[in-house]
There are 4 protein chains.
Amino acid sequence: MSKKYRVGILGATGTVGQRFIQLLENHPQFEITALAASDRSAGKSFVEACAWKLSGGMPDSVKGITVQPIEPPLDCDIVFSSLPSSVARETEEAFARAGYPVISNSSSYRMDEDVPLLIAEINHKHTDLIEVQKQKRGFTTGFIVTNPNCAVISFAPPLAAMHRKFGVESVVVTTLQAISGAGYPGVPSLDITDNVVPYIAGEEPKVETEAQKILGQFVDGVIEKADFTVSAQCFRVHVIDGHTASVRVNLRNTATLEEIVEAMNNFPSLNLYSSPKKFIDVCDEPSRPQPRLDRDSGNGMTITVGRLFPDNIFDYRFVSLSHNTVRGAAGSAVLNAELLIDKKII
Amino acid sequence: MSKKYRVGILGATGTVGQRFIQLLENHPQFEITALAASDRSAGKSFVEACAWKLSGGMPDSVKGITVQPIEPPLDCDIVFSSLPSSVARETEEAFARAGYPVISNSSSYRMDEDVPLLIAEINHKHTDLIEVQKQKRGFTTGFIVTNPNCAVISFAPPLAAMHRKFGVESVVVTTLQAISGAGYPGVPSLDITDNVVPYIAGEEPKVETEAQKILGQFVDGVIEKADFTVSAQCFRVHVIDGHTASVRVNLRNTATLEEIVEAMNNFPSLNLYSSPKKFIDVCDEPSRPQPRLDRDSGNGMTITVGRLFPDNIFDYRFVSLSHNTVRGAAGSAVLNAELLIDKKII
Amino acid sequence: MSKKYRVGILGATGTVGQRFIQLLENHPQFEITALAASDRSAGKSFVEACAWKLSGGMPDSVKGITVQPIEPPLDCDIVFSSLPSSVARETEEAFARAGYPVISNSSSYRMDEDVPLLIAEINHKHTDLIEVQKQKRGFTTGFIVTNPNCAVISFAPPLAAMHRKFGVESVVVTTLQAISGAGYPGVPSLDITDNVVPYIAGEEPKVETEAQKILGQFVDGVIEKADFTVSAQCFRVHVIDGHTASVRVNLRNTATLEEIVEAMNNFPSLNLYSSPKKFIDVCDEPSRPQPRLDRDSGNGMTITVGRLFPDNIFDYRFVSLSHNTVRGAAGSAVLNAELLIDKKII
Amino acid sequence: MSKKYRVGILGATGTVGQRFIQLLENHPQFEITALAASDRSAGKSFVEACAWKLSGGMPDSVKGITVQPIEPPLDCDIVFSSLPSSVARETEEAFARAGYPVISNSSSYRMDEDVPLLIAEINHKHTDLIEVQKQKRGFTTGFIVTNPNCAVISFAPPLAAMHRKFGVESVVVTTLQAISGAGYPGVPSLDITDNVVPYIAGEEPKVETEAQKILGQFVDGVIEKADFTVSAQCFRVHVIDGHTASVRVNLRNTATLEEIVEAMNNFPSLNLYSSPKKFIDVCDEPSRPQPRLDRDSGNGMTITVGRLFPDNIFDYRFVSLSHNTVRGAAGSAVLNAELLIDKKII
């Protein structure tokens, strides 16, 4: 491994920002050289500015870095962004325009026609959209790529496996989402202890629209969205990390249970540093997947599927799980950056 | 208030047995005269035999009662039963044959053709089946009535409101069920802390079949089941009491959102001691119903519905909640007994 | 029951404010006529201003009340205050000076020499301090009384029982405190799920000083503090309501275990509306008290003590529990108001 | 690294047994060659016999191993034992007599005069007791060493640091213990959700006696126990892993806070595979240590200390934390085996 890319993190003190730092520690291709956060934090050392909330402690290498305001220039080659949507749109544009590849975990640009919404294993060809984007927006070296909403990632991979082979027609999904998805301080303990909350602001529309773009085809400079409908009900449950999706799906073509299991288990992973050995792991045990036991599978990058059965209204039902702050956020963004390097786009 | 019925409780030391005792304390129509439990407990005073797990403590009135074996005769007029299914079938038959009305919360007889499966507000006419049962089985004064599985009760009432007016065609339900539904010791804390379990043994088949019987018609001595299909995925979540159901439904006839809200809110309650003022309460707040805030509504006997919207695959979606050990177990059984008294069946 | 006192609540939308409203619903001596909260809420109806977080729902009677700014005059005879300490000092003084009896749950005035710090059963004679306070501060009809910190209340009653008979010399207490003690939004779920936090800002000094004032003697216009030392370590644990205290105590005079049990069990309760039948309840079961099972004892006003044994460093050890938002906050304040009425002070 | 010791695990399917397997995967000195568990499991493959409950999944290398009955002979050089005390005494003796070094995590032999109770960093010299044991019991190559109760380990290390320099006179400890300490199924979720349990069967006596042996001196073939008194109150709290101890301590000689911090931070670690870089880590942040954030420090082998202050009854107070199934169980046993290899005892 030759040179390391110098990385800046926008929103470094937040839940996902901390996960970025954790995943980039000892990463062979990246080194963190800049940390940016809100005005309140800017100017402090990172150890002073950040209330670290991940097990294992803050890496020593970032403790002394001085937090900077979230605006270009930053001393780095690439930025990873995990900004609240209120500021992400304007800020990420500014960085892209200033020449930085922006690998964003924010929702602002996900549904823009010229912005790739990537799950690297599924739609890496969508990176072709980057050239379209650069031309359209007048970017030079900079650009924006995004990864999907954390709830979408929990069921889009098994859907992709089915869609590729048999065509998905409709999807009913009920999500049981972890508290870390709301950031910090996020969900008050009085709201979630001994409780379930049947509402996550803005979530159901995202879950109902992003998968069609992810599973779409890049044709003539445009993503043609996949033609299926999603119905989503989203719940917050008392889990720290790991989003669970309860899914029913109708297919366009018939498929046996065995064919579906095979399509999922054999969905190709990539040969990148953060790729898990298995992208989708279909387990047999009747009581799996479970967030606490399965979220860390493949270092948090494997999607675990279980309880895959014929359904009595839809064709099939299953339960799908992913780690929402790794595969569902920082981990997917890092994988996207590895993909872009591999494709020599950065 | 004239005479009080003398009540025996089968399975008195269990989670639901304790809830029976709590609900019957100070009840104007019933007094507990017999408590029966497994051989391990029989012969001890109730206070010695029972590890009380409900807030508020064991009522003084039952502390000194000697626990008896679970077999007739018992010194009482009626028995409430909450037995594990392994023993319920034989034992409840024995009590019915010995002349006791058996108000059962067990699953053993729910789907027997000649046994009413009652939600008092919805299908009280099914009590006519009792005569059929007595003749068929050769019972004299005894008989068996049942109440539904606790998960079914969480969504059958709003379904009934829709079905009665607009005809239900198909239902997709995902349940988020409380730990108290598994009894005591029940769910190990290592299984549910920071976790969700996508499996409850035997639950999905029950949820997929009971509602059709409940919403059926009593015609010519038989329950004609309602003609709709249910798809169920059942999860255990980290909630003490209160089952939440995420529901999509297709109707046979068109209905506006307002008509559905009205059908639910105006579904008649009964004028019995344990009836709530409102049987179904449709709430507006976007983040409700929530188990901790809504399960005790109507003393645990009201079904709370929220997030009722048009769906983009089905006609409508909603979230429904009931208290699983009150409305979903002991409370429904007590209400059933009140109904039978009101109808002069006991 | 003759006239009802008209009550205003300062900080009505908060956790303790909501508990005040719940406890005053149907209270024979009080009716709520004014609700005051921060500027953000003022002017809205209470149902709009308040995110109700207690089981059972907001009482209909307060829904339509318009929230007012927290300043005199308010349309009421008495105010209950549950304000953050940052504003309590100035605001409560303003109300007292304007003629209102202020029954405060805030910490601001607890340790002022001329302000009673009341646990009604223990030191009701300290109400004599009110006259001293009025003269010193130039109040006319208004005055301020306080109740102790919620953690102190969890162990001060058994301490009082011992102190009165045998003299307390030193106390080592470790508290395990509920999340509701931090208000709403209060403790982030990411901080307390699968966790314990060994720090509550400002708590240990309060726990180490308030008990000596409570158990002190009113002599010549002054409270002579009880002469013992308290060492406190305070933890936040994952419990919704109910503070548990782990206590060791040295006595000045010898006492048998039986004498101590008797002193606690027989500590007189009062004959007021909110008084529990038993003020202190010593339980025998080896695994009690437990917050979930015992906090509601005596409608949340009984202190439950267990695991009372001789210690091998101190004279005795025990575990003590109280409901932190009832006995530890709103309930004690309401009881204080009942006491003041009974003594014809208001 | 030359040859690997072949290891058998007694009680392999339990919570601690699973942790042994996890810690020994990829260990440079050990390879698992035998797994033994109760009759119910014996004869099955491990993957069939064991309900794996640790994050990350069962290592492939053990899945196919056939579980054997818990009796010698087993195909291995050393046994790690994590048996329930009911069977540990007889079984471990049988293995020792049959020639196996028994590295036990069970409580049965901890307080036997001729059995070392080891925390490798603190009292590695106690391994000299092994020869005494062999002679007394007529063992040839076999022997038994033990590690302390998981709650004791959470505070014995900082105590050792103080004792060595300043002499400990008395200790008051209140423990807040994790649910994993009770094994599986262990603590019912209904007992610990929204709750604290002030009782762990048999725990307080262990916590009050083991530290004196650990900090004792090996003199003339005997451990002379350290001369201090411990008072313990033990609570179960809603934490998955990580025991927290709230401690006050009196010293025989005066010591400044700085001297104590230095004594702890500089307590030497060992140069063994499982030794953490820091044995005791004193942290400054006011709200630490916390189980979720600090239990994995040093791969679960570091003891984290915080809130170290002068106390107003004792000399000092502090809060101490260790991972109860790693440092408090399997990890300490593995470290003990590494120590014995290093000392050429095995």
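Note that the structure is predicted; figures quoted are calculated from it, not measured. (Residues numbered from 1 in each chain as written. Chains lettered and ligands numbered in written order. Predicted model: local features only at pLDDT ≥ 70, side-chain atom pairs only at ≥ 80, totals over all residues. Heavy atoms only, no water.)

1. Observations regarding the overall build of chain A
The helix and strand tally for chain A stands at 13 helices and 13 strands. Against the compact-globule benchmark of 20 Å for 346 residues, chain A has a radius of gyration of 19 Å, which places it among compact chains. For chain A, the spread of C-alpha atoms along the three principal axes comes to 60 × 50 × 35 Å. Per-residue burial over chain A gives 64% buried out of 346 residues. Of the contacts made within chain A by residues no fewer than 6 positions apart, 74% connect residues no fewer than 24 positions apart. Looking at chain A as shown, the accessible area adds up to about 11,900 Å², and 47% of this sits on carbon and sulfur atoms. Positive and negative side-chain charges of chain A, numbering 33 and 40 respectively, have mean locations separated by a distance of 2 Å. (Helix = DSSP H or I, 4+ residues; strand = E, 2+ residues; numbered from the N terminus. Rg over C-alpha atoms; globule rule 2.2 N^0.38 Å. Buried < 20%, exposed > 50% of the residue type's maximum accessible area, 1.4 Å probe, protein only. Contact = heavy atoms within 4.5 Å. Areas by Shrake-Rupley, 256 points an atom, 1.4 Å probe, with all protein chains shown as cover. Lys, Arg positive; Asp, Glu negative; His and termini not counted. Charge placed at Lys NZ, Arg CZ, Asp CG, Glu CD.)

2. Quick look at the packing of aromatic side chains
Note on aromatic pairs: each is described by the distance of the centres and the angle between the planes. Applying the stated criterion across every chain, the model contains 22 aromatic pairs over all chains. Centroid distance A:Phe95 to A:Tyr100: 5.5 Å. Interplanar angle 70°. Geometry classified as edge-to-face. Centroid distance B:Phe267 to B:Phe279: 5.4 Å. Interplanar angle 50°. Geometry classified as tilted. In this pair, B:Phe267 is assigned in the loop between helix 11 (257-265) and strand 11 (280-282) and B:Phe279 in the loop between helix 11 and strand 11, connecting sequence segments twelve residues apart. (Phe/Tyr/Trp six-rings, centres within 6.5 Å; stacked < 30°, edge-to-face > 60°.)

3. Digging into the relation of the copies chain B and chain A
Of the transformation placing chain B onto chain A, the axial shift is 0.0 Å and the rotation is 180°, giving an RMSD of 0.0 Å. A rotation of that kind, with that shift, is consistent with a two-fold axis. Within chain B, the C-alpha atom positioned nearest to the axis of rotation is that of B:His238, 3.1 Å from it. (Least-squares fit on C-alpha atoms with pLDDT ≥ 70 in both.)

4. Remarks on helix 1 (residues 15-24) of chain A
Residue and element names in this part refer to chain A. Most of helix 1 is tucked away, with eight of its ten residues classed as buried. Those residues of helix 1 lying buried are Thr15, Val16, Gly17, Gln18, Arg19, Phe20, Ile21 and Leu24. In this structure, the buried residues of helix 1 make contact with strand 1 (5-10), strand 2 (30-36), helix 2 (46-49), helix 3 (60-63), strand 3 (78-81) and helix 13 (326-342). Taken from the residues just after helix 1, Asn26 is the one with a positive phi, measuring 65°.

5. Description of the sheet that holds strand 2 (residues 30-36) of chain D
Residue and element names in this part refer to chain D. Reading across from one edge, 2-1-3-4-5 is the order of the five strands in this open sheet, with parallel pairing throughout. Here the strands that pair on one side only, and so sit at the sheet edges, are strand 2 and strand 5 (143-146). On average, each strand axis in the sheet is inclined to that of its neighbour by 25°, with strand direction left out of account. With four bridges joining them, strand 1 (residues 5-10) and strand 3 (residues 78-81) adopt parallel strand pairing. The residue of strand 3 that forms the bridge with Gly8 is Val79. (Pairing = 2+ DSSP bridges. Axes fitted to C-alpha atoms, helices over the stretch in contact; angles between N-to-C directions.)

6. Quick notes on the relation of the copies chain B and chain C
Superposition of chain B onto chain C requires a rotation of 180° combined with a translation of 0.0 Å along the rotation axis, giving an RMSD of 0.0 Å. Both copies present the same face, since 100% of the interface residues in chain B are matched by interface residues at the equivalent positions in chain C.

7. Brief notes about the interface of chain B and chain C
When the parts of a complex come together, some accessible area is lost, and that lost area is often used as the size of the interface. With ten residues of chain B in contact, the opposing surface of chain C contributes ten residues. Both faces combined, the contact of chain B with chain C buries some 990 Å², and carbon together with sulfur accounts for 47% of it. Together, B:Ser55, B:Arg292 and B:Leu293 form the three largest contributors to the area buried by chain B at its contact with chain C, with a combined 46%. At the junction of chain B and chain C, the tally comes to zero salt bridges. (Buried area = accessible area lost by both parts, 1.4 Å probe. Salt bridge = Lys/Arg side-chain N within 4 Å of Asp/Glu carboxyl O.)

8. Observations concerning the pattern of salt bridges
All names here are of chain A. Summed over the entire model, instances satisfying the criterion amount to 96 salt bridges over all chains. Two residues, Arg137 and Asp114, come together in a salt bridge whose shortest N-O distance is 2.7 Å. Here the residue Arg137 occupies a position in helix 6 (residues 129-137), and Asp114 occupies one in the loop between strand 4 (101-104) and helix 5 (120-123), the gap between them amounting to 23 residues. Like Asp114, Arg137 is buried.

9. A few points about helix 11 (residues 257-265) of chain A
Owing to its 3.6 residues per turn, the α-helix brings residues three or four apart onto one side. All names here are of chain A. Here helix 11 has its buried residues at Ile260, Ala263 and Met264. Looking down the long axis of helix 11, one finds its buried residues gathered within 95° of arc, a one-sided arrangement. Against helix 8 (156-166), strand 10 (243-251), strand 11 (280-282), strand 12 (303-310) and strand 13 (316-322) lie the buried residues of helix 11. (Arc of directions from axis to C-beta.)

10. With respect to the interface of chain B and chain A
Contacts between the two partners involve 48 residues from chain B, matched on the other side by 48 residues from chain A. The contact between chain B and chain A buries some 3,800 Å² in all, and 53% of this surface belongs to carbon and sulfur atoms. Among the residues of chain B in contact with chain A, B:Asp194, B:Gln233 and B:Arg292 are the three that bury the most area, contributing 17% of the side total. Counting across the chain B and chain A interface gives eight salt bridges. In this structure, the salt-bridge partner of B:Arg317 is A:Glu208, at a minimum N-O distance of 2.6 Å. Linking chain B with chain A are 42 residue pairs in polar contact (both at pLDDT 80 or more), by the criterion used here. (Polar contact = N/O pair within 3.5 Å; in protein donor to acceptor, adjacent residues only side chain to side chain.)

11. Some remarks on unusual backbone geometry
A cis amide bond, omega 0°, links C:Tyr184 with the succeeding residue C:Pro185. Even without a glycine there, the phi angle at D:Asn299 is positive, about 55°. The topology assignment puts D:Asn299 in the loop between helix 12 (291-294) and strand 12 (303-310).

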